[in-house]
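# Coordinates in review
So you can see what is in the structure, the chains are spelled out below.
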Amino acid sequence: MTDDIWRLDATAMAAGIRAGDFSSREAVSACLQRMDEVNPQLNAIVESRPEEALLAADAADRAVAQGADLGPLHGVPISVKGNHDLAGWATVNGCEALQDNVAAVSAPSVQNLLDAGVVVIGRSNTPEFCVRWDTSNDLYGATVNPWNAGVSPGGSSGGAAAAVAAGINPLATGTDLGGSLRVPAQACGVASIKPGRGRIPDWNSTDPVEPGLGFQLMNGNGFLARSVRDLQLGLPVMSRGDWRDPWWSAAPLEDDIPRPHKIALMVEPGGDISEQVQSGVKTAGELLSGAGYEVEAVNPPQLDEAWELWRTICMGELVLQLKPAIEAMCGPRMVRCLENYAAIVPEHCNERAILEAFAQRRGVLRAWTEFLREYPLIVGPVGMQPPGAPDEDIASAEAAQALVDSHRLTVSINALGLPAATLPVGVSDGLPQVVQIIGPQFAEMRCLAAAAAIESQVQPLTPIDPR
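Here's what I pulled together on the structure shown here. (Residues numbered from 1 in each chain as written. Predicted model: local features only at pLDDT ≥ 70, side-chain atom pairs only at ≥ 80, totals over all residues. Heavy atoms only, no water.)

### A look at empty space enclosed by the protein
Quick reminder of the rule: Of the two site types, the cavity is a set of points on a 1 Å grid over the protein atoms alone where a 1.4 Å probe fits but cannot get out, and the pocket is an open set with protein on both sides within 12 Å along at least five of seven lines, each lined by residues with an atom within 4 Å of a point. Grid points are joined across faces, edges and corners, and a volume is the space filled by probe spheres set on the points. In this description a helix means any DSSP run of H or I spanning at least four residues, a strand means any run of E spanning at least two, and both kinds are numbered starting from the N terminus. Classification convention: Asp, Glu, Lys, Arg as charged; Ala, Val, Leu, Ile, Met, Phe, Trp, Tyr, Cys, Pro as nonpolar; all other residues, Gly among them, as polar.
One pass over the full model with this rule turns up 6 cavities of 30 Å³ or more. What the largest cavity holds in volume is close to 160 Å³. Around the largest cavity sit 14 residues that line it, and Val-131, Trp-133, Gly-178, Trp-310 and Tyr-341 are the ones nearest its centre. It is helix H10 (residues 303-329) that provides the largest number of residues to the lining of the largest cavity, a total of 4 residues. When its residues are assigned to classes, the lining of the largest cavity shows 10 nonpolar, 3 polar and 1 charged. Approximately 80 Å³ is the volume attributed to the second largest cavity. In terms of lining residues, the second largest cavity is bounded by Val-46, Glu-47, Gly-82, Ala-90, Val-92, Asn-93, Gly-94, Arg-123, Ser-124, Asn-125, Thr-126 and Tyr-140. When contributions to the lining of the second largest cavity are tallied by element, the ones reaching two or more residues are strand S1 (45-47) and strand S3 (119-124). When the residues that make up the lining of the second largest cavity are grouped by side-chain class, the tally is 4 nonpolar, 6 polar and 2 charged.

Written out as structure tokens, the structure is:
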């Protein structure tokens, strides 16, 4: 049994440790051994401290033996994304210039997981500053997609997604400013939850300045897993409040909406959608119908306007505010990425345009909120095309524009600060088919309930051996 512990999801692993079926040391050792076997091919985990992890596992086992109160993730090994503060580790964020950026305290969301009993076994790879659709940097190199080495693992949580998909760890933290959780989930065939604005506290003591307002509204902490039930287990843990994030809200996790209910299915979300992706969305609709949901093919209003808000605010802030830091601290690929972004932001984008976009945002969000009163959830694609080749996002401005176009629904959700869960529904053309389930503000558990209804009818895709 102990040789296969790494195959378990976090829920089963936590239950086994709590029941004494196996120890946290055995679970951590199994995951570290799996890391040794597959990470040289994947480069998903770029920093690991096995001795510290085993000592933490031993402490977790002593707590079990002593009958202590145990957290819901007690003894479970996880990885932490390279842009999350973890006390005693450098928050490198894929950037060579930040190798000495050691955090004195952990980010609130990470500390919440530590308080719940997790054991950190490593740091996952990210692109520099976490602003690419691929996961590669000049310090650690590229992360490889375990499904196909010729396909990008997505970004910016590509290291986290690849690690979960390959069985290195069952849970991995991530962030999402423009699909950074959901894009790697699609590429690597795993589940994720991108909470809405205010659900999970967000703060890094190592940040030299506060991020721009657009980043504050649109970025979110979340995590990836191999099962929806792991997301349901972990979300309440990560969502515990912290005074250091004034945006955090004490809104209840559960809502009282009757289930099942109506769902809007985005089979034709506008733009060019591939058969590989579209058939996955249709499969999700059929599975939800089988679970009793009333599924209707309809799109939410003002999708183009929401998409344009993200391009103006998020990419505008990126180009206008981060350009000096990127040029001073990052490698040539990240500089080229910024040049591509600068070429595709709206021509009118300046400080005035960004302020006007913030004003327009409330009206667009109101229209979506009204729509979500009739259709309590929206199901659609992540990217409208399957993941492409590594470094596609820096190949040219036209390639970068195509990626933004493909992810118009995904980035719109960031623009509006809404929650979204992702999960795989099948495989086609050798790659996972993954959909996202979008809800109104603070409806994360509603999204996950529908995701669980789908997952109960499909076979798990991961963990897999690198291919």
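### Considering helix H14 (residues 408-416)
Here is the rule: Residue burial is assigned from relative accessible area. The probe radius is 1.4 Å, only protein chains are included, and a residue is buried under 20% of its type maximum, exposed over 50%, and partly exposed in between.
Among the 9 residues of H14, 9 are classified as buried, and the element is accordingly described as predominantly covered. In the segment just after H14, Gly-417 is the residue with positive phi, at about 70°.

### Let's talk about the layout of surface pockets
Any empty space left between the atoms is revealed when a probe the size of a water molecule rolls over them. Considered as a void within the structure, the largest pocket measures approximately 1100 Å³ in volume. Along the wall of the largest pocket there are 38 residues; nearest its centre are Asp-207, Val-209, Glu-210, Pro-211 and Phe-215. Tallied by class, the residues present in the lining of the largest pocket amount to 15 nonpolar, 16 polar and 7 charged.

### Describing the packing of aromatic side chains
Note the threshold: Note on aromatic pairs: the rings of Phe, Tyr and Trp (six-membered ring only in Trp) are paired at centre separations within 6.5 Å, and the planes decide the class, stacked below 30 degrees, edge-to-face beyond 60, tilted for the rest. Only when the NZ of Lys or the CZ of Arg is both within 6 Å of the ring centre and within 35 degrees of the ring normal is a charge said to sit over the ring.
Taken as a whole, this structure holds 3 aromatic pairs when the rule is applied. In textbook terms, an aromatic cluster arises when at least three aromatic residues are bridged by ring pairs, as seen for Trp-133, Trp-310 and Tyr-341. The ring of Trp-89 carries the charged tip of Arg-49 above its face, separated from the ring centre by 4.0 Å. Directly above the ring of Trp-307 sits Arg-311, whose terminal nitrogen or CZ lies 5.8 Å from the centroid.

### Examining the state of the cysteines
Under the convention used in this document: When the sulfur atoms of two cysteines come within 2.5 Å, that pair is taken as a disulfide.
Under the defined criterion, the tally for this structure stands at 0 disulfides. No disulfide involves Cys-31; its nearest neighbouring cysteine sulfur is the one of Cys-188, lying 17 Å away. The exposure class assigned to Cys-31 is buried, which follows from its relative accessible area of 0%. In this model Cys-95 remains outside any disulfide bridge; the closest cysteine sulfur is found in Cys-330, 4.2 Å from its own.

### Let's talk about the environment of Leu-181
For clarity, the cut-off: In this description, contact between two residues means that some pair of their heavy atoms is separated by no more than 4.5 Å.
Structurally, Leu-181 can be placed in the loop between strand S6 (171-176) and helix H6 (182-188). Its relative accessible area of 0% is what places Leu-181 among the buried residues. Sequence-wise, Leu-181 and Val-435 are 254 residues apart; in three dimensions their C-alpha atoms are separated by 13 Å. When residues no more than four places from it in sequence are discounted, the contact partners of Leu-181 are Ser-157, Gly-174, Thr-175, Asp-176, Ser-192, Ile-193, Lys-194, Gly-222, Phe-223 and Leu-224.

### Thoughts on the side chain of Asn-125
This is how it is decided: Pairs of N or O atoms are called polar contacts if they sit within 3.5 Å, as long as, within protein, a hydrogen donor faces a hydrogen acceptor (for residues adjacent in sequence, only side-chain-to-side-chain pairs).
Checked against the element boundaries, Asn-125 lands in the loop between S3 and strand S4 (136-137). Residue Asn-125 is classed as buried on the basis of its relative accessible area, which comes to 0%. Among the polar contacts made by the side chain of Asn-125, one reaches the side chain of Asn-137 at a distance of 2.9 Å.

### A closer look at the pattern of salt bridges
Heads up, the rule is: Each salt bridge in this description consists of a side-chain nitrogen of Lys or Arg and a carboxyl oxygen of Asp or Glu lying within 4 Å of one another.
Taken as a whole and assessed by the stated rule, the structure comprises 22 salt bridges. Note that Arg-25 and Asp-58 form a salt bridge whose closest N and O atoms lie 2.7 Å from each other. Of this pair, Arg-25 sits in helix H2 (residues 24-42) while Asp-58 is found in helix H3 (residues 50-65), placing the two residues 33 residues apart along the sequence. The exposure class assigned to Arg-25 is partly exposed, which follows from its relative accessible area of 35%. Arg-259 is the partner of Asp-255 in a salt bridge, and the nearest nitrogen-oxygen pair spans 3.3 Å. Since its relative accessible area comes to 36%, Arg-259 is described here as partly exposed. Each of Arg-132, Asp-134, Asp-138, Arg-333, Asp-391 and Asp-393 takes part in one network of salt bridges that share partners.

### Quick look at the sheet that holds strand S7 (residues 191-194)
Short version of the rule: Should DSSP find at least two bridges between two strands, the strands are taken to pair. The axes are straight lines fitted to the C-alpha atoms, using for helices just the contacting stretch, and the angles between their N-to-C directions are given from 0 to 180°.
Pairing within the open sheet is mixed, and its 11 strands lie in the order S1-S3-S2-S6-S8-S7-S12-S13-S11-S9-S10. Whereas interior strands pair on both sides, the edge strands pair on one side only; in this sheet they are S1 and strand S10 (294-297). Each adjacent strand pair in this sheet contributes to an overall mean axis angle of 30°, direction not counted. Summarising the sheet, strand S9 (residues 262-265) and S10 pair through 4 bridges and their orientation is parallel. Looking at the pairing, Ala-264 lines up with Glu-296 of S10. Lying on the sheet, helix H15 (residues 444-455) is in contact with S7, strand S11 (377-381), strand S12 (420-428) and strand S13 (431-438); it crosses S12 at an angle near 15°.

By themselves these figures say nothing about function.
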